[in-house]
2 protein chains.
Amino acid sequence: MAGSDANETAYKAAFMWRRQQDRGGPNVEFTQEEMDSAMNNKLAPGQQEYSIMSFRTAFHGRLFGSLSTTRSKPIHKLDIPAFDWPQATFPQLKYPLEAHAEENAAAEKKALEEVEHLIKTYHIPPCAVIVEPIQSEGGDNHASANFFKGLREITKKHNVLMIVDEVQTGVGATGKFWAHEHWDLPSPPDMVTFSKKAQTAGYYFGNPELRPNKPYRQFNTWMGDPARALLFRSIVQEIEKHDLVNRTAKVGDYLYGKIEALAKKYPGQFENLRGKGMGTFIAFDNPRRDEFLKRAKAFGINIGGSGQSAIRLRPMLIFEESHADILLEALEGIVTSWDKDLSKVGKAKAVPGEGTAKP
Amino acid sequence: MAGSDANETAYKAAFMWRRQQDRGGPNVEFTQEEMDSAMNNKLAPGQQEYSIMSFRTAFHGRLFGSLSTTRSKPIHKLDIPAFDWPQATFPQLKYPLEAHAEENAAAEKKALEEVEHLIKTYHIPPCAVIVEPIQSEGGDNHASANFFKGLREITKKHNVLMIVDEVQTGVGATGKFWAHEHWDLPSPPDMVTFSKKAQTAGYYFGNPELRPNKPYRQFNTWMGDPARALLFRSIVQEIEKHDLVNRTAKVGDYLYGKIEALAKKYPGQFENLRGKGMGTFIAFDNPRRDEFLKRAKAFGINIGGSGQSAIRLRPMLIFEESHADILLEALEGIVTSWDKDLSKVGKAKAVPGEGTAKP
C-alpha cells in the first residue's frame, strides 16, 4: 500500500480518538442514533464535526481524505471532491539561513500563530495536524527544529494530535532513521506515517488511547501483510548492518559542502541550497529548472524536480562519496553548457521530451 | 495496494470525466478560478458538484472516499467523516429463487426505479454508480442478470458511469474470470475494479474518454508496480494452464448441489442457499451463525461470515471435488452436533473465542 493509505488510516485513528473523548472513553457504547447516522454518512445530532489540518504546499497523498490535506498543485486536486478542512501557512525560509536568521524566526512564529488561530477558530475544529518534516513534493521546504517544537507545544495545549508524515523523509535519507529525530521534541509525535522505502504503509504510535476500541474499525485485506513486513525487516537489517543511516549523514555533509562550493562558483545556478545536516535530502533552485533536469539526463543522471523550481536530490542509501563526485561533475557540466546544443553535451545522447519535472 | 485504492482511483476518473464534459472536452484548459478553488478544497463558482452512488449493504472499502460508498455496518463507518453521497436499495431476493420469481422481479424493478429516481433528483447528482456483482461483505446478496442489465441501461440513459467492483468476485471464483460476464450486458461496464486475488489494485476501462487528459492526475508511488504486474500475470497464466475458472464452475455446481441436499435433510440449517451457477461463490444463512463458524474450526475448517447471518464460502481456485467432500462432511457434522459440548466434537480441539464472524 501507499503513503496515501498510511495517512488516511492515521486520520481515521485521529477521528476515532477525538470522538471517543467526546463520548467519555473507550468503554462507552455507540448509541443507535450514532450508528444510524453513520450509515447515512451523517453526524448524529449533537456530534461535533472535526477536520484534519495541513499546511500550504503540503503533499499527503491522492485519495479522497489525504488529497483533502494535499495542497501542492492544482493538477493533483482539480475536479476531485474534498473535505472543507483548514490549511495553515508553512514558513517560507530564506537562504542562506545564517543571513536571514531573524526574518526566518519571525516567519516561523507567524506560521505557528496561524496554526493556533485556526485550531481555535476554524468552523470545523481540527482533531489533528499533519506535517512533513520537509515538504517534499511541495518543493523541499524546510523549517527549523524550533518550528516543530512549537507545533508540538501548540497541539498538546489544544488537545490536537500531531501526525508526522515521514513517507518521503523516513528510513534514513535525512541522516536519521526518522527525520523528526532531528527536532528533539519535548514529547514524541502522536503518530508517524511511513511508506515508500518501507515497501509497505502504516503508522506507528505510542499513546494507547489511539488504539481503536473495537475490532475491525481499522482493517484491510493486506493488513499486517507478512511478506511486506519481512521485506521491511530485511531492509532495516541491511541498513543496520552497513550503518547506512550514519553513512548517509556523512556523504550528505560531503555532498552539501561541494554543492555549496559550486553555488559560489556559479552564482544564480544553485539558489536557495537547503538540507544542511539533513543527509542527502538536499535541494536547490535553478531558474531554468525543467531544462536543467533534461540536461541532467544528457549527462547520464536522473534527477527529479518538485514544487515550482526545486531540483531535489534523492539518492539511495547506498550512495557514497564516489557517486557524489560523479553527480557533482555532472552538475557542473550542466550549468556550464547552457549555450551548447543539448545533443552535443554530456555523456549520453539526450532524449528529447524526457526528463521534465513532475508537474 | 488494496480494493479501496482501486475504487477511489476509479471514482477520481469518474469525476474528471464528468467535469471534462461540463468543461467542453479534454482540450479545454482549466481556468485560474478552477485551480484556485481546487487548492482551497472548494468548487469554482458555477461548477456542478457530483457524487458517487452506491447501494445499501454495499462494501467498497475503508478510506475516506470509498468508505463514503460503503454501507455495510456502522462499525466500518462510525466517527469517520463522509461525503453526502446517495445510496439506493439493493434488491433483497428471496430463496429459493424459483419459488419467488415474481416477487423478486418486482423487488429488482423497484430498486432500479429508486436508482433512476436518485439519479434524477439527488441534490448532488451522481456521475457514477458503483455496484458489486455479489454484495460480499454485506452478506452475499445476489441480484439477477436482468437487474444489472437494467442498471446498465439506466446509467447509459442518464450519462452516469457504471463501475463494477470486482475486488471480491473477480479472477475466477464465480466460474467466470469476471463475475459480470454472467450478465451478458448490452454494453460493457465503464470501469471494472479489482484487487485481492490480483495481488495488486486498479481498474480497467474501454472508453478512451476515461483517460485523464493531463499527466499526473492519476499517479502514485507504486503505479504500474512491475513486481505486482508480474505476479498477476503469473497468476493468470497458472489459472489458464490449469483451466481453473472452468474447474471452479464445475466444482461449484457439485458443491451447490450437495449443500442443497443437506438443506433438505436439515431444514432451517442452510437457509437462503445462494450462488447457483456462480462457481464456489456460495453462501447460506444459519440462525446460530457465529456458533456455526466457531464449531467449523473444531471440525478443522476455516469459514468466514458476512452480513448479519451469512456463512460464505470462499475456497481457493484449486479447490476440487475431493476438498468439497471434506467440507460437506464437516458441514453435516456441525449441524448435527448442536447439543454436544464444543470441546468434544469434530476433529480438532476447539479454541474458545476464535472463529467468530467478522463484525
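Each chain carries its own residue numbering, running from 1 in the direction its sequence is written. Just so you know, chain letters begin at A and ligand numbers begin at 1, following the order they were written in. Thresholds applied to this predicted model are a pLDDT of at least 70 for local features of residues and 80 or more for the giving and counting of side-chain atom pairs; totals over whole chains, interfaces and linings are not thresholded and use all residues. Side-chain figures throughout are based on the complete set of non-hydrogen atoms in the structure, without hydrogens or water.

Caption draft 1: Layout of helix α9 (residues 289-298) of chain B. Residue and element names in this part refer to chain B. Of all the positions in α9, only Arg289, Phe292, Leu293, Arg295, Ala296 and Ala298 are classed as buried. Note on contacts: a residue pair qualifies if any of its non-hydrogen atoms lie within 4.5 Å across the two residues. Only DSSP runs of H or I covering at least 4 residues are called helices, and only runs of E covering at least 2 are called strands; the numbering of each starts at the N terminus. The secondary structure elements touched by the buried residues of α9 are β10 (283-285), β11 (304-306), β12 (310-312) and α10 (321-335). Glycine 300 lies just past α9 and shows a positive phi near 85°. Exposed residues in this analysis have more than 50% of their type's maximum accessible area, buried residues have under 20%, and partly exposed residues fall in between, with area computed by a 1.4 Å probe over protein chains only.

Caption draft 2: How the structure looks around the nonpolar core. To form a nonpolar core, buried Ala, Val, Leu, Ile, Met, Phe, Trp, Tyr and Cys residues must be joined to one another through side-chain atoms within 4.5 Å. Phe15, Ile52 and Met191 of chain A together with Phe15, Ile52 and Met191 of chain B are the most contacted members of the largest nonpolar core, which has 44 residues in total. When residues of this core are traced back to their parent elements, those giving at least two are α1 (3-23), α3 (64-69), β3 (126-131) and β6 (161-165) of chain A together with α1 (3-23), α3 (64-69), β3 (126-131) and β6 (161-165) of chain B. Apart from residues lying up to four places away in sequence, isoleucine 52 of chain B is in contact with Tyr11, Ala14, Phe15, Thr69, Trp85, Pro86, Cys127, Ala128 and Ile130 of chain B.

Caption draft 3: Structural view of unusual backbone geometry. All names here are of chain A. Tyrosine 95 connects to proline 96 through a cis peptide bond whose omega is -5°. With respect to the helices and strands, the residue proline 96 is situated in the loop between β2 (87-88) and α5 (101-121). For asparagine 41, which is not glycine, the phi torsion reads 60° and is therefore positive. Looking at the element boundaries, asparagine 41 is found in the loop between α2 (32-39) and β1 (51-55). Its relative accessible area of 9% is what places asparagine 41 among the buried residues. We note that valine 171 has phi near 65°; this positive angle belongs to a residue other than glycine. Tracing the backbone through its elements, the reader meets valine 171 in the loop between β6 and β7 (191-194). For valine 171, a relative accessible area of 1% puts it in the buried group.

Caption draft 4: Region of the structure containing the relation of the copies chain B and chain A. Superposition of chain B onto chain A requires a rotation of 180° combined with a translation of 0.0 Å along the rotation axis, giving an RMSD of 0.0 Å. Here the two chains are linked by the operation of a two-fold rotation axis. Residue methionine 1 of chain B of chain B places its C-alpha closer to the rotation axis than any other residue of that unit, at 2.1 Å. Superposition of the copies was done by least squares, using only C-alpha atoms of residues whose pLDDT is at least 70 in both.

Caption draft 5: Here's a closer look at the domain arrangement of chain A. Residue and element names in this part refer to chain A. What fixes the domain bounds is an automatic or database domain assignment. What the domain assignment reports for chain A is domain 1 (3-230) and domain 2 (244-344). Just the C-alpha atoms count here: the centres of domain 1 and domain 2 sit 30 Å apart. Once two parts are brought into contact, the accessible area they lose, counted with a 1.4 Å probe and summed over both, makes up the buried area. Interface area for domain 1 against domain 2, summed over the two sides, is near 1700 Å², with a carbon-plus-sulfur share of 59%. When the buried area of domain 1 at its contact with domain 2 is split by residue, Tyr95, Asp140 and Ala173 rank highest and sum to 31% of it. Whenever Lys or Arg places a side-chain nitrogen within 4 Å of a carboxyl oxygen from Asp or Glu, that contact is recorded as a salt bridge. The interface formed by domain 1 and domain 2 contains one salt bridge. Polar contacts, as used here, are pairs of N or O atoms within 3.5 Å; protein pairs need one atom able to donate a hydrogen and one able to accept it. Residues neighboring in sequence count only if both atoms are side-chain atoms. One can count nine residue pairs in polar contact (both at pLDDT 80 or more) joining domain 1 with domain 2. Put simply, Ala, Val, Leu, Ile, Met, Phe, Trp, Tyr, Cys and Pro go in the nonpolar bin, Asp, Glu, Lys and Arg in the charged bin, and everything else, Gly too, in the polar bin. Broken down by class, the residue content of the side of domain 1 that touches domain 2 amounts to five nonpolar, ten polar and five charged.

Caption draft 6: Here's a closer look at the packing of α5 of chain A against helix α6 (residues 145-157) of chain A. All names here are of chain A. Fitted lines through C-alpha atoms serve as axes, helices being fitted only where they are in contact, and the angles separating the N-to-C directions of these axes extend from 0 to 180 degrees. With their axes 10 Å apart at the nearest point, α5 and α6 run at an angle of 20° to one another. Accordingly, the angle class assigned to the pair α5 and α6 is roughly parallel. Every pair of crossing elements has a handedness; the one defined by α5 and α6 is right-handed. Touching Glu108, Ala111, Leu112, Val115, Glu116 and Ile119 of α5 are Asn146, Phe147, Gly150, Leu151, Ile154 and Lys157, all from α6. Of the residues contributing to the contact of α5 with α6, the split by class is seven nonpolar, two polar and three charged. Should an angle fall under 35 degrees it is called roughly parallel, over 145 degrees roughly antiparallel, and 65 to 115 degrees roughly perpendicular, with every other angle called oblique. Working rule for handedness: look at the near helix, and if it is turned counterclockwise from the far one by less than a right angle, call the crossing left-handed; if clockwise, right-handed.

Caption draft 7: Broad picture of the sheet that holds strand β9 (residues 271-274) of chain A. Residue and element names in this part refer to chain A. Paired strands, in this sense, are two strands between which DSSP finds at least two bridges. The antiparallel open sheet is built from four strands, whose spatial order is β9-β10-β12-β11. Of all strands in the sheet, those bounded by a partner on one side alone are β9 and β11 (304-306). Strand-to-strand twist across the sheet, computed as the mean angle between neighbouring axes with direction ignored, equals 25°. With three bridges connecting them, strand β10 (residues 283-285) and strand β12 (residues 310-312) associate as antiparallel partners. Looking across to β12, one finds that alanine 283 is bridged to arginine 312.

Caption draft 8: Broad picture of the environment of arginine 228 of chain A. With respect to the helices and strands, the residue arginine 228 of chain A is situated in helix α7 (residues 226-241). Through-space distance from the C-alpha of arginine 228 of chain A to that of threonine 200 of chain A is 5.9 Å; in sequence the pair is 28 residues apart. Other than its neighbours up to four places away in sequence, arginine 228 of chain A contacts Gln199 and Thr200 of chain A together with Arg228 of chain B. Among the polar contacts made by the side chain of arginine 228 of chain A, one reaches the main-chain carbonyl oxygen of glutamine 199 of chain A at a distance of 3.1 Å.

Caption draft 9: A look at the pattern of salt bridges. According to the stated counting rule, one finds 36 salt bridges over all chains in the structure shown. Arginine 56 of chain A is paired through a salt bridge with glutamate 114 of chain A; the nearest N and O atoms lie 3.9 Å apart. Highlighted residues: arginine 56 of chain A in the loop between β1 and α3 and glutamate 114 of chain A in helix α5, separated in sequence by 58 residues. On the basis of relative accessibility, which here comes to 36%, the residue arginine 56 of chain A falls in the partly exposed class. What emerges from the salt-bridge pattern is a single network uniting Arg19, Arg23, Glu34 and Arg217 of chain A together with Asp79 of chain B.

Caption draft 10: Spotlight on the interface of chain B and chain A. If you look at the interface, chain B gives 56 residues, while chain A gives 56 residues. Across the interface of chain B and chain A, roughly 5400 Å² is buried in total on both sides, 59% from carbon and sulfur atoms. Taken together, the links from chain B to chain A amount to eight salt bridges. For the salt bridge of aspartate 79 of chain B with arginine 217 of chain A, the shortest nitrogen-to-oxygen distance reads 2.8 Å. No other element matches the eight residues that α1 of chain B contributes to the side of chain B that touches chain A. Here the residues of the side of chain B that touches chain A are counted per class, giving 26 nonpolar, twelve polar and 18 charged.

Caption draft 11: Representation of helix α8 (residues 244-265) of chain B. All names here are of chain B. Under the 1.5 Å per step criterion, the end-to-end length of α8 is 31 Å for 22 residues, consistent within 8% with the ideal 32 Å. All of the buried residues in α8 are Leu244, Val245, Thr248, Val251, Gly252, Leu255, Tyr256, Ile259 and Leu262. Down the axis, α8 shows its buried residues gathered within 150° of arc, on one side only. Counted as exposed and oriented over 90 degrees from the buried face of α8: Lys250, Lys264 and Lys265. Contact partners of the buried residues in α8: α7 (226-241), β9 (271-274), β10 and α10. In a helix, the anticipated span is given by 1.5 Å times the number of residues less one. Here, the arc refers to the directions that run from the helix axis to the C-beta atoms.

Caption draft 12: Structural detail: the packing of aromatic side chains. In this scheme Phe, Tyr and Trp rings, the latter by its six-membered ring, pair at centre separations within 6.5 Å, and the angle between planes marks the pair as stacked below 30 degrees, edge-to-face above 60, and tilted otherwise. Taken as a whole and assessed by the stated rule, the structure comprises 45 aromatic pairs over all chains. Linked through ring pairs, Tyr11, Phe15, Phe64, Phe83 and Trp85 of chain A together with Tyr11, Phe15, Phe64, Phe83 and Trp85 of chain B together constitute an aromatic cluster. Sitting over the ring of phenylalanine 281 of chain A, arginine 314 of chain A keeps its end group 3.7 Å from the ring centre. Criterion for a charge above a ring: Lys NZ or Arg CZ within 6 Å of the ring centre, and within 35 degrees of the ring normal.

Caption draft 13: Just the side chain of serine 195 of chain A, in detail. If you trace the backbone, serine 195 of chain A turns up in the loop between β7 and β8 (202-205). With relative accessibility at 2%, the residue serine 195 of chain A sits in the buried group. Separated by 3.4 Å, the side chain of serine 195 of chain A and the backbone oxygen of methionine 1 of chain A make a polar contact. In terms of polar contacts, serine 195 of chain A uses its side chain to reach the backbone carbonyl oxygen of threonine 200 of chain A, at 2.9 Å. The residues touching serine 195 of chain A, leaving out its near neighbours within four places in the chain, are Met1, Ala2, Gly3, Val167, Thr200 and Ala201 of chain A together with Trp222 of chain B.

Caption draft 14: Molecular detail of the sheet that holds strand β1 (residues 51-55) of chain B. Residue and element names in this part refer to chain B. Strands sit in the order β2-β1-β3-β6-β7-β8 across an open sheet of six strands; the sheet is mixed. On the outer flanks of this sheet lie β2 (87-88) and β8 (202-205), each paired with one strand and no other. Examined bridge by bridge, β6 and strand β7 (residues 191-194) share three bridges and lie parallel to one another. By the bridge assignment for β7, aspartate 165 is matched with threonine 193. Docked against the sheet, helix α6 (residues 145-157) engages β1, β3 and β6, running at close to 145° with respect to β6.

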